[in-house]
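Close look at the chain arrangement
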Amino acid sequence: MKPLLECQGLTKKYNNFYALSNLDLTLERGQIVGLLGPNGSGKTTLIKLINGLLIPTDGRVMINSLAPGVETKKLVSYLPERGYLNDHMRVDEILSYFVDFYDNFSIERANAMLKDLEIDTHARLRTLSKGTKEKVQLVLVMSRDAELYILDEPIGGVDPAARDYILHTILTNYNENATILLSTHLITDIENVLDRVIFLQNGQLTLNATVDEIRSKWGKSVDALFREVFKC
Amino acid sequence: MLGKLVKYDLKYGMRIFIVLHAILVTACILGRILFMNQLDFNLKLEAYLSPLILFFSLFLLLFTGIGFGINILLVARFYKNLYTDEGYLTWTLPATATQQLWAKIISGIIWEFSSVLISAASLLILVSGDNVTEAYAQVAADVTKSLGMPITQFGISLLIYSLFGTLGSIVMLYLCVAIGQLFPGHRILCAIVTYFILSAIIQVLSFSLMFAFNIGPGTTAYLASRGMPATHYMVTSFRLGGVMSAIIMIAAYFGVQYIMNKKLNLS
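Note that the structure is predicted; figures quoted are calculated from it, not measured.

A few points about the nonpolar core
Core analysis: the largest hydrophobic core is formed by 129 residues, its most contacted members being Leu46 and Phe98 of chain A. It is helix α2 (residues 45–83) of chain B that provides the largest number of residues to this core, a total of twelve residues. Counting the residues that make up this core, at least three belong to each of domain 1 (1–140) and domain 2 (148–267) of chain B. Every residue in contact with leucine 46 of chain A, bar those within four places of it in the chain, is listed here: Cys7, Leu10, Leu20, Leu23, Leu25, Leu35 and Leu200 of chain A.

Below, the structure written as structure tokens:
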């Protein structure tokens, strides 16, 4: 079976700064992958390149053997680290928007999650708190039957109780053949759900291993290894 | 997909568009009832000339303001939807960059055309009172002779030219925003500076072409047209302007398309 994500010599340069340098990476289906690294390590750049939001300086990125484009955007469900919805829209208008544009969006699943979270679908986004907006965005992203979910800091701005709900939501709302690529600094919160971790440093891949390998080879948790590798 | 993109682009500015044009239509109806209908053209010209000039100056400002407002609406939608945080959603929709661009062009044409037509209808409301039409009937023959065509035909020609001109200006505005996004910072400022630079280049090119085609001020064709109806020179200039607009529009279109396809760089 062809890999879900393949990066070959992927490079992104801003003036004289390499945000990503000659990155080779392959991800298979059916895993939850933690994309970890300190600030400025290239995590968001990699995510943007996968989503076609940046043009690579060199190398290539393929999703299901296709370069980023219309077909890959149908397969990838992306949650950016920032609010990307029009604040003037009501939640139900945003749901209609997703129904209109994504064939694989399940309105029933979205409504069920919004009900669980007690989010009023008639409310305009600008009237909701930052945390609630983040929950709405996550609901939208996880209500798609995608093959690759890319979640950039999905739990960064919410309280610990909501974090549990969000992680539960992620785990219970994805197809087991799909892959989740999850970028976060809150490693301890997600460590138990990860199958594999990728460490990025200065735009380069420094580790690509399963969580079991890390525990058996280094005898450490992912969080402990991260702190050791990226010690200031 | 294109239809859906256009639908949401139109939905975005609907409220502002309605408010702006409701103000315009209301002002024209009130202007007609409270001012134009009260004018007595049988009086001496000096009796109503000054208030009439002041009145039409105010309305010229209003019409210009509405046109400017629509341009701002288009630019804001293009910029916000494609190059701010909203771009993270827009660019991850299953649509090509070309579809995104065409959605913005089509919605822009619909907004601009609707605005030009509503403005024309509003102007008609303002000047179609019985007292105005009767007064105009007395000078209609002179005006027709001076213009070289009846005023209705002149008005329709201006309307068609305005509609055509808006096409070029929409794509040109989008090009300026897209070029502004190529800079690492101060992107809105860079887009505005780009607009002024491109406008200046186009002005210089227009004047150069007018002289090259012997229709610039002071040229022999210009001087020869002085004895002819006012529209003769205007139509000649409009033809050249139309060709220029078409060239600018095509060049701007390929410029924006190239930037959107090859230089997308969301910060």
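We are not done yet, so read on.
Notes on empty space enclosed by the protein
A full pass over the atoms with the stated rule returns four cavities of 30 Å³ or more. The wall of the largest cavity is formed by Val76, Ser77, Tyr78, Tyr84, Phe98, Tyr102, Val141 and Arg144 of chain A together with Leu89 and Thr92 of chain B. Ranked by residues supplied to the lining of the largest cavity, first place goes to strand β5 (residues 76–79) of chain A with three residues. In terms of residue class, the lining of the largest cavity is built from seven nonpolar, two polar and one charged. Empty space within the second largest cavity amounts to approximately 50 Å³. As for the second largest cavity, its lining consists of Tyr97 and Phe101 of chain A together with Leu5, Tyr8, Asp9, Arg77, Asn81, Thr90, Leu93, Gln100, Ala103 and Lys104 of chain B. Secondary structure elements with two or more residues in the lining of the second largest cavity: α3 (91–101) of chain A together with α1 (2–34), α2 and α4 (97–127) of chain B. Per-class residue counts for the lining of the second largest cavity are six nonpolar, three polar and three charged.

Digging into the sheet that holds strand β2 (residues 17–27) of chain A
All names here are of chain A. With antiparallel pairing, three strands are arranged side by side in an open sheet as β2-β1-β4. The open sheet is flanked by β2 and β4 (58–63), the only strands paired with a single partner. Adjacent strand axes in the sheet meet at a mean angle of 20 degrees when their direction is disregarded. Strands β1 (5–14), β2 and β4 of the sheet are contacted by helix α1 (residues 43–50), whose axis makes an angle of about 115 degrees with β1.

What to know about the interface of chain B and chain A
For an interface, size is often stated in terms of accessible area lost upon the parts coming together. At the junction of the two partners, chain B supplies 25 residues and chain A supplies 25 residues. When chain B packs against chain A, the two sides together hide about 2,400 Å² of surface, and 59% of this comes from carbon and sulfur. If you look at where chain B meets chain A, you find two salt bridges. Put simply, arginine 82 of chain A and aspartate 85 of chain B hold a salt bridge, and the shortest N to O gap is 2.8 Å. At the junction of chain B and chain A, the tally comes to ten residue pairs in polar contact (both at pLDDT 80 or more). Among the secondary structure elements, those contributing two or more residues to the side of chain B that touches chain A are α1, α3 (87–90) and α9 (230–262) of chain B. Counting residues per element, the side of chain B that touches chain A draws most heavily on α1 of chain B, which supplies six residues. Of the residues in the side of chain B that touches chain A, the class split is twelve nonpolar, six polar and seven charged.

What counts as what
Residues numbered from 1 in each chain as written. Chains lettered and ligands numbered in written order. Predicted model: local features only at pLDDT ≥ 70, side-chain atom pairs only at ≥ 80, totals over all residues. Heavy atoms only, no water. Core = buried A, V, L, I, M, F, W, Y, C linked by side-chain atoms within 4.5 Å. Buried < 20%, exposed > 50% of the residue type's maximum accessible area, 1.4 Å probe, protein only. Helix = DSSP H or I, 4+ residues; strand = E, 2+ residues; numbered from the N terminus. Domains from an automatic or database assignment. Contact = heavy atoms within 4.5 Å. 1 Å grid on protein atoms, 1.4 Å probe; cavity = no way out; pocket = protein on both sides within 12 Å on 5 of 7 lines; lining within 4 Å. Points joined across faces, edges and corners; volume = space filled by probe spheres on them. Nonpolar A, V, L, I, M, F, W, Y, C, P; charged D, E, K, R; others polar. Pairing = 2+ DSSP bridges. Axes fitted to C-alpha atoms, helices over the stretch in contact; angles between N-to-C directions. Buried area = accessible area lost by both parts, 1.4 Å probe. Salt bridge = Lys/Arg side-chain N within 4 Å of Asp/Glu carboxyl O. Polar contact = N/O pair within 3.5 Å; in protein donor to acceptor, adjacent residues only side chain to side chain.

By themselves, these are just geometric observations and shouldn't be taken as functional.
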